[in-house]
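# Commentary on secondary and tertiary structure
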Amino acid sequence: MPHIEIDGQAIEVVAGTTVMEAAESLGIYIPFFCYHPKLSVAANCRMCLVDVEKAPKPLPACATPVADGMKVATASRKAKMAQQGVLEFLLINHPLDCPICDQGGECPLQDITMGFANPHSHYTEEKRVVEDKDIGPLIATEMTRCIQCTRCIRFGQEIGGIMELGATGRGEDMAIGTYVAKAVQSELSGNMIDLCPVGALTSKPFRYKARSWELKHTPGLCPHCSTGCNTDMQSLGREVLRVLPRANQAVNEDWICDKGRYAYTALQAEDRVTQPLLRVDGGWREVSWAEALDAALSGLERVVAQHGAERLAGLISAQSSNEELFLFQALLRGLGSPHVDHRLRQQDFRADAAMPVYPALNMALEDLEREPVVLLCHAFPRQQQPLTNHRLRKSVLQGGTVIALDSQRQDFNYPVLQLVADAGADLALYEALCSQLSGAVEKSATAGLAHVASVLLAADNPLILIGSALLHHPQAAAMIAQIERLAELAGGRVGWLAQEANSAGAWLSGCVPHRLPGGHTAPATGLPTDALWDAGMRGFILLGIEPGVDAMRGTAALAALQKAEFVLSIAQFAGEAQQYADVILPMAAFAEGSGSFINNEGRLQSFRAAVKTPGEARPAWKILRVLGDALKLPRFQFNELSEVTAAWQQEIGEYALDVPPFHAFPALEQDSVPMSGDGLCRLGDWSIYQGDPLVRRAAPLARPAVAKMHPDQAKGLNLRGDTVEISSHSGKISLPLVLDARIPMGAVWVPMGYGETAVLGAIYAPCTVTMATPSAATANA
Amino acid sequence: MFVNGVTLQNRGVPDSHRLSVYAGTGGYAALRKVLLDPIAPDQIISEIKKSALRGRGGAGFPTGLKWSFMPKGVTGTKYLLCNADEGEPGTCKDRDIMRYEPHRLIEGMIIGAYAMGASAGYIFIRGEFVEPIHIVEAALEEAYAKDYLGQNILGTDFSFDLHVYRGAGAYICGEETALMEALEGKKGQPRFKPPFPASYGLYGRPTTINNVETFASVPDIISKGGDWFLNLGKPNNGGTKIFSVTGHVRKPGNYEVSMGLPFKDLLEMAGGLRPGRQLKAVIPGGTSTAMVAGAAMMEVTMDYDSISKAGSALGAGSVIIMDDSVCIVKTVERISRFYMHESCGQCTPCREGMGWLWRVMHRLENGQGREEDLQLLLDVGSRIEGRTICALADGGVAPVVSSIRLFREEYEYHIQHKRCLISMGDA
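No experiment lies behind these values; they were computed from the predicted model shown.

Now for the interface of chain B and chain A. With 33 residues of chain B at the contact, the number on the chain A side is 34 residues. Between chain B and chain A lies a buried interface of about 2,700 Å² when both sides are counted; carbon and sulfur atoms form 55% of it. Our count for the contact surface shared by chain B and chain A stands at five salt bridges. Where glutamate 125 of chain A meets arginine 363 of chain B, a salt bridge forms, and the shortest distance between an N and an O atom there is 2.9 Å. The tally of links from chain B across to chain A stands at 18 residue pairs in polar contact (both at pLDDT 80 or more). Counting residues per element, the ones that place at least two in the side of chain B that touches chain A are helix H14 (328–342), helix H15 (348–365) and helix H16 (373–384) of chain B. Counting residues per element, the side of chain B that touches chain A draws most heavily on H15 of chain B, at 10 residues. The residue makeup of the side of chain B that touches chain A, split by class, is 12 nonpolar, 11 polar and 10 charged.

Once that is clear, we can look at the packing of H15 of chain B against helix H18 (residues 408–417) of chain B. All names here are of chain B. Between H15 and H18, the least distance of the axes is 8 Å, while the angle of their chain directions is 65°. By the criterion of interaxial angle, the relationship of H15 to H18 is roughly perpendicular. Of the residues in H18, those in contact with Met361, Leu364 and Glu365 of H15 are Tyr411, His414 and Ile415.

Moving on: the pattern of salt bridges. Summed over the entire model, instances satisfying the criterion amount to 69 salt bridges over all chains. Here glutamate 352 of chain B and arginine 128 of chain A are joined by a salt bridge, their closest N and O atoms 3.3 Å apart. Within this pair, whereas glutamate 352 of chain B is found in helix H15, its partner arginine 128 of chain A is found in the loop between helix H3 (108–116) and strand E6 (139–141), the two belonging to separate chains. The exposure class of glutamate 352 of chain B is buried, given its relative accessible area of 2%. Classification of arginine 128 of chain A by relative accessible area gives buried; the value is 13%. Linking glutamate 291 of chain A and arginine 285 of chain A is a salt bridge whose minimum nitrogen-to-oxygen distance equals 3.1 Å. Glutamate 291 of chain A gets classed as partly exposed once you look at its relative accessible area, which sits at 32%. What you see here is one network of salt bridges that share partners, running through Lys38, Glu253, Asp254, Glu369, Arg391 and Lys394 of chain A.

Residues and elements named next belong to chain A. If you check the domain split of chain A, you get domain 1 (1–92), domain 2 (277–348 + 502–652), domain 3 (365–496) and domain 4 (680–780). Here domain 2 and domain 3 have C-alpha centroids that lie 35 Å from each other. Taken together, the contacts link eight residues of domain 2 with 10 residues of domain 3. Contact between domain 2 and domain 3 buries roughly 740 Å² in total, counting both sides, with carbon and sulfur atoms accounting for 46%. A breakdown of the residues in the side of domain 2 that touches domain 3 according to their chemical character gives one nonpolar, four polar and three charged.

All names here are of chain B. Domain annotation for chain B reports domain 1 (19–232), domain 2 (240–323) and domain 3 (328–417). Here domain 1 and domain 2 have C-alpha centroids that lie 27 Å from each other. Listed per partner, the contact involves 18 residues of domain 1 and 18 residues of domain 2. Overall, the association of domain 1 and domain 2 removes approximately 1,400 Å² of surface from exposure, summing both partners, and the carbon and sulfur fraction of that is 48%. Of all residues in domain 1, Arg56, Glu88 and Leu232 bury the most surface against domain 2, accounting for 31% of the area lost on that side.

Residues and elements named next belong to chain A. Spatially, the five strands line up as an open sheet ordered E19-E18-E17-E20-E21, and their pairing is parallel. Looking at strand neighbours, the two that pair on one side only are strand E19 (417–420) and strand E21 (493–496), the edges of this open sheet. Sheet twist, expressed as the average angle between the axes of neighbouring strands with direction ignored, equals 20°. With five bridges connecting them, strand E17 (residues 373–377) and strand E18 (residues 401–406) associate as parallel partners. Within E18, the position partnered with leucine 375 by the bridge is isoleucine 403.

Residues and elements named next belong to chain A. By the bridge criterion, three bridges tie strand E28 (residues 707–709) to strand E30 (residues 731–739) in an arrangement that is parallel. Counterpart to alanine 707 in the pairing with E30 is leucine 737. Direction of pairing for strand E29 (residues 723–728) relative to E30: antiparallel, over a ladder of six bridges. Bridge pairing links threonine 723 to proline 736 in E30. Counting the residues that bridge the hairpin from E29 to E30 gives two residues.

Now for helix H8 (residues 322–335) of chain A. All names here are of chain A. With 14 residues, H8 extends 20 Å between its outermost C-alpha atoms, agreeing within 8% with the 20 Å of an ideal straight helix rising 1.5 Å per residue. A large share of H8 lies buried, amounting to 12 of its 14 residues. When H8 is considered as a whole, its buried residues turn out to be Asn322, Glu323, Glu324, Leu325, Phe326, Leu327, Phe328, Gln329, Leu331, Leu332, Arg333 and Leu335. Trailing H8 by a residue or two, glycine 336 shows a phi angle of about 100°, which is positive.

Cut-offs and rules
Residues numbered from 1 in each chain as written. Chains lettered and ligands numbered in written order. Predicted model: local features only at pLDDT ≥ 70, side-chain atom pairs only at ≥ 80, totals over all residues. Heavy atoms only, no water. Contact = heavy atoms within 4.5 Å. Buried area = accessible area lost by both parts, 1.4 Å probe. Salt bridge = Lys/Arg side-chain N within 4 Å of Asp/Glu carboxyl O. Polar contact = N/O pair within 3.5 Å; in protein donor to acceptor, adjacent residues only side chain to side chain. Helix = DSSP H or I, 4+ residues; strand = E, 2+ residues; numbered from the N terminus. Nonpolar A, V, L, I, M, F, W, Y, C, P; charged D, E, K, R; others polar. Axes fitted to C-alpha atoms, helices over the stretch in contact; angles between N-to-C directions. Parallel < 35°, antiparallel > 145°, perpendicular 65-115°, else oblique. Buried < 20%, exposed > 50% of the residue type's maximum accessible area, 1.4 Å probe, protein only. Domains from an automatic or database assignment. Pairing = 2+ DSSP bridges. Expected span 1.5 Å × (residues − 1).

This is the structure in structure tokens:
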């Protein structure tokens, strides 16, 4: 291993180390702009020029590999002259508008200028001005400040996987932009703001809201998917102003996705509830907590007394903390109701007994990037778990293979072998792959299927990941059974890609109708969510959800809730709850409460409140505690969150990080055929920015709902024009139509999670598509 | 003295660009000898080394040594590239080789590919060279038809495909790694070295790149021997070299002469100066090389070592002659604008510094110079030189710094009198 010396300090490093890395390990700081440990070396800013003995010219530390016996001086006259020279060049065309620049106070250019520049500039000529650009609602640009370090460009190519920003022009006319004016689309785009070493790219929603040094930093956790990204929540007074990644190399590395970065903008949404609300004579009245709690308790007691506890059901968001989930199920079960669930999007529950203790990845996220062969079963992690997807992307870039089975071709940001089911025939695809693997078919299968089978058979212990979208299928149980078989035939192992930030916690804490905390079998099995809508429930307790758009059959959910005698909604937002609730209790939203989540790996992580709850809103665990206590239920006498955490931990016991992916399968009853009748199969999933009440309200992330269809299908149906009418057995809507060859023939894709699309009901059901009548088109517009 | 004897030896022969004419003067005999005799690849490289052929693109790196860097025994494609992006102001030699002797270039490349085990090659031609592009493309078709290119050339195991790539008009794409980026379809920007092209070149594969004139020298070296070529010039400076003589001479043009020819002889060949004019300054290797005062130039011989001793470089052999009617400040101002315009913008000192130099030069030329400007130009130059990824910036600094050193009084006159010392009306 080469021995080198930097500023007189000797160090031995592995061959191939750069001078920059060696200096870093010695704690010697060399200034830089374009260098970033997660990006390729560009060596274009020239800020890190250092003096290497025997080299005639100063060399860039970031790109110079060490050689045995090398002696480096980072602060010799030669190095300093080079660094000062480069800084002067960087500043001659920089506007120096720090007082009005959001980067001020956290700007490497500012800091390095203070630390390394010659205070006098010799430049007296005119400065360059760059025409500004609009690259969408997330990133504000001020390209005159750009120092052309190309970090944003390299991020797009190397991390984001889609090159959206590039450099055009030569010399001092070189400018960063989108080439063809458009909004940046990458789900990781906000990271380019963090990477930008100057104020050229700043956060648009944050613009002019605060100076960086005024902000309070609180370590947080992202509540928007099962990766469990660590965040740095930055607030001023009672307001969250910014969410940035908090580096954790084992989880999110240095990144977060745009969903986690910008969802906070919804905290001040118009329908945020900050005061308990009571329905009085068909209208809503703001009331005191005492009055609201009285109404809630009497409402619940009335339902139980008149109809029995089995007519009461509780549904909770899997973005709730372990503590909240634990108290929620204790409240329901304490009242005598077995109906507790968090799985609003599932249609087929026949495999409930076979489900694992919790949906576990069964491996470390970090290890995903070293998996040689991964089979994704109805999983599109780019949308569902963007930073888990980044690990898979790395595995592919290093030569791994990712295979995806799905209802449609997906827009991965790396090469993926994709097999798409015939519209609605998803189960058949899994059966066909199993047959192929078992050798039951000879050469009859399609080339794609045969190829995938050969890749799986050749692989040593391939990883099979079950995506959350698989559970949305009406034949999910049968598909899971096929996957169990498939794993056996391919000699692979199975992991689950959980949907929500705390799906794992929801299962472990007992928020499923058939299991208690710790995964113990419940003495009385309740009904799963989807069955509740048709079961004549008289009372509901909802926590943090909006079943009208969060449930698979939104319209049926709304009908059931409206028909119920008493609905208690513990919510951040009143918009939907006002359609059916009797009492709305305002709860803490993201960044306002403390607690813990279990991520997809089984990693237990905790977070604490960054800001006070607005108005009279309270953390949900406190609301549940008060309700349980007032109802005189046992074990609700907690004063501190830590006591709830301790009780929860005691109840669930030690949980394994590696759990059997399936329990024994019950014999599945005959499958119902999902597609019946004429028409197209309606595909769909919750879009990336529509998945929960908070992100749905984040204005900068909002994207209008559109229907998608294969161009040939549209041609076959003689659909011309931009707007179509889509009808299912439960309703009719009109939407703009986008032609997309990724959608299979015989299907139309309509997203879930939008109020306007909920009337169509469940996905994989038949529907018809026609040209919108002019009146319908205008009504929709 | 040996004139037009190697790379332009058929210039003037009717239809010299046709394969039949080339073959009639012994063309492709070297290739036949190499493939059919056959000559071992290592032997070819040692013959090139013996010839002391040095890169004719400007850097003057020994060609045989460069060829020997190509890794042996690697699997996969190795590339051979020809740099025909000839963009250096004052240079037009490669254009004439492609116009008159395209087959000499092609034959040289095929021999090179055989010596280095390359299976694919590209000739990257400056986009403005419309006529040469058509001629080289037609020549490639002829070579394919005669089985000199393609699969199993002349029935041997050796296969080589050669294509023309038309550049899109950037000076920087004449820099070898920027050329590779452009060939890959990216923005033409130089790469940081190391790694060098021999290990990580086009598409990350081992690659060798040479200038047109370098390749065109190869067939005669093979058929007549390395010693023959070396003896055309002088030790360490073998062979002949084309000089594109431009500026204030009566017969500007491309002159292929023996290395080591005294400059004054070259000047005479080019018709000499106009009557009554004095030689003021010469840029011996293209605008990116330092200016040399006229008197000093008259003592120089035209080879790498002698010109380097005079404080400049032979470069690509573009000799720009300036007589006493020239305003140095105006000339350098124009050259500076070129380098500002052609900087790729990738690295800081060049992107920002080239524009700074030009802006100061522009003020000086337009009567707005200040006392401190000359020191400023020298300071800015010293902050650029040696701190960039490629040599473009050094080339942009050289004319400014060298001209201030040689003609300081002319600059000072501009500053003090707000006008030019030389009245251009004299010209």
